[in-house]
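Reading the structure
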Amino acid sequence: MAYQLLQGKKGIIFGALDERSIAWQVALRCHEEGAQLVLTNAPVAVRMGEIKQLSEICQAPVIPADVTNMEDLENLFKQAMDHFQGGVDFILHSVGMSLNVRKNIPYTEANYDYMHKGFDISAISLHRVLQTAYRLDAINEWGSVVALTYIAAQRVFPDYNDMADAKALLESIARSFGYHYGIKKKVRINTVSQSPTRTTAGSGVKGFDGFIEYAEKMSPLGNATARQCADYCVTLFSDLTRMVTMQNLYHDGGFSFTGVSHAIMETLMKQALQEQK
């Protein structure tokens, strides 16, 4: 059901690759809620992904941009502002990559060149996006920026590797830039800590199926889907959340505040009984 929460608003969606990605679902929901969009991803992702299909559905231009390249980002914002004939009202940052994860390099043996590259793409890119928008005055007053994160920034998930460090940096940047942008233009910046979700990128993490099953059993409401995350992002882009900024917001069915669940205890007890036999 659409509520026209974003009627008349304009936004940029970073990171839509295919229909499994959260950014793809966010774009669909924003379109349904009346927003006009510009879609962007890395040039290689634009070539290899299915973003043109999303572009046709949302009637949104695709402007390729490498989030580690300041010239690309400046071009993206200038083209978007020309397209919209003005500034944007919201931005979704859904960008993340770890070469250490992709190459199955353990956290304790991390390749630091890979780590630096991962930090640049997954976290520092948010600073680059915000700095470019800040300099070009590209976000309208009371605009909203949301970056997607994961609870591994606060708690240890061993196989999440250096992505956990990148997400911690991402959340810190959101808080720090949120202060400065709030003062300048009342722009609010938040991170959303989503349940583990079967995206193309997430599926590359070792033991990811275990993450999902464990979170499902731990969460009182179960895991949140990509579509449900998109619903939540819509509310954060809307005028209904104007006074929410610099927050890390958990969208995880209650996982983040559950110490242990009956489902997990029952599983452990069954295992213990089997071991005693």
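Residues numbered from 1 in each chain as written. Predicted model: local features only at pLDDT ≥ 70, side-chain atom pairs only at ≥ 80, totals over all residues. Heavy atoms only, no water.

It is worth spelling out unusual backbone geometry at this point. A positive phi is found at W142, a non-glycine position, where the angle reads about 65°. By secondary structure assignment, the location of W142 is in strand β4 (residues 139-149). On the basis of relative accessible area, W142 is assigned to the partly exposed category, the value being 26%. (Helix = DSSP H or I, 4+ residues; strand = E, 2+ residues; numbered from the N terminus. Buried < 20%, exposed > 50% of the residue type's maximum accessible area, 1.4 Å probe, protein only.)

Inspection of the secondary structure puts R29 in helix α1 (residues 22-32). Polar contacts involving the side chain of R29 include one to the side chain of E32, which spans 2.8 Å. Those residues in contact with R29, other than ones at most four positions away along the chain, are M1, R227, A230, D231 and V234. (Polar contact = N/O pair within 3.5 Å; in protein donor to acceptor, adjacent residues only side chain to side chain. Contact = heavy atoms within 4.5 Å.)

The subject of this paragraph is the UniProt feature "active site" (unreviewed entry) in the protein. Per the UniProt entry, the sites bearing "active site" (unreviewed entry) are Y150 and Y160 in this numbering. Residue position: Y150 is located in the loop between β4 and α7 (163-185). Look past the residues within four positions of Y150 in its chain and what remains in contact with it is F157, Y160, K167, E171, S193, Q194, S195, P196 and F211. As for its position among the elements, Y160 is in the loop between β4 and α7. (UniProt positions renumbered as here; feature names shortened; annotations may be inferred.)

Another point: the sheet that holds strand β3 (residues 88-93). Strands belonging to one sheet form pairs held by backbone hydrogen bonds; the direction of such a pair is parallel or antiparallel. What the six strands build is an open sheet, ordered β2-β1-β3-β4-β5-β6; its pairing is parallel. Either end of the sheet is taken by a strand with one partner, and the two such strands are β2 (36-40) and β6 (248-251). Across the sheet, the axes of successive neighbouring strands diverge by a mean angle of 20°, strand direction being ignored. (Pairing = 2+ DSSP bridges. Axes fitted to C-alpha atoms, helices over the stretch in contact; angles between N-to-C directions.)

So, about the packing of α1 against helix α9 (residues 226-237). Orientation of α1 relative to α9, taken along the N-to-C sense of each, is 55°, at an axis distance of 8 Å. Between α1 and α9, the angle is such that the two are oblique. Note that α1 runs across α9; the crossing there is right-handed. Residues I22, Q25, V26, L28, R29, C30 and E32 of α1 form the contact with α9, whose participating residues are A226, R227, C229, A230, D231, C233, V234 and F237. Of the residues contributing to the contact of α1 with α9, the split by class is ten nonpolar, one polar and four charged. (Parallel < 35°, antiparallel > 145°, perpendicular 65-115°, else oblique. Left-handed = near helix turned anticlockwise from the far one by under 90°. Nonpolar A, V, L, I, M, F, W, Y, C, P; charged D, E, K, R; others polar.)

By secondary structure assignment, the location of F177 is in helix α7. On the accessibility criterion, F177 (9% relative accessible area) is buried. Through-space distance from the C-alpha of F177 to that of D165 is 18 Å; in sequence the pair is twelve residues apart. Residue contacts for F177: discarding those within four places in its chain leaves H127, L130, Q131, Y134 and I189.

Our next topic: the confidence of the model for the protein. Model confidence for the protein is summarised by a mean pLDDT of 95, while 97% of its residues fall at 70 or above. Element-level pLDDT for the protein is lowest in helix α10 (residues 262-276), with a mean of 84, against a maximum mean of 99 in β3. (pLDDT = per-residue confidence, 0-100.)

Time to look at the nonpolar core. Counting 34 residues, the largest nonpolar core has F14 and I91 as the members making the most contacts within it. Of all the secondary structure elements, the ones that give two or more residues to this core are β1 (10-14), α4 (70-84), β3, α6 (112-136), β4 and α7. Among the elements that make up this core, the one with the highest residue count is α6 (seven residues). Non-local contacts of I91, meaning those with residues more than four positions away in its chain, are made with I12, F14, F77, V129, I139, S144, V145, V146 and F237. (Core = buried A, V, L, I, M, F, W, Y, C linked by side-chain atoms within 4.5 Å.)

This brings us to the pairing of β3. β3 sits mainly inside the fold: six of its six residues count as buried. Pairing between β3 and β4: five bridges, direction parallel. Directly across from V88, in β4, lies its bridge partner I139.

Attention now moves to the pairing of β4. The element β4 is extensively covered by neighbouring structure, given that eight of its eleven residues are classed as buried. Traced from β4 through α7 to strand β5 (residues 188-194), the parallel crossover comes out right-handed. (Right-handed = clockwise from strand over helix to strand, strands pointing away.)

Bringing α7 into the picture now. Over its 23 residues, α7 extends 31 Å from the first C-alpha to the last, a length consistent with the 33 Å expected when each residue adds 1.5 Å. Within α7, the axis deviates most sharply at G178, by approximately 30°. K186, located one to two residues past α7, shows a positive phi value of around 60°. (Expected span 1.5 Å × (residues − 1). Bend = angle between axes of the 7 residues up to and from the residue.)

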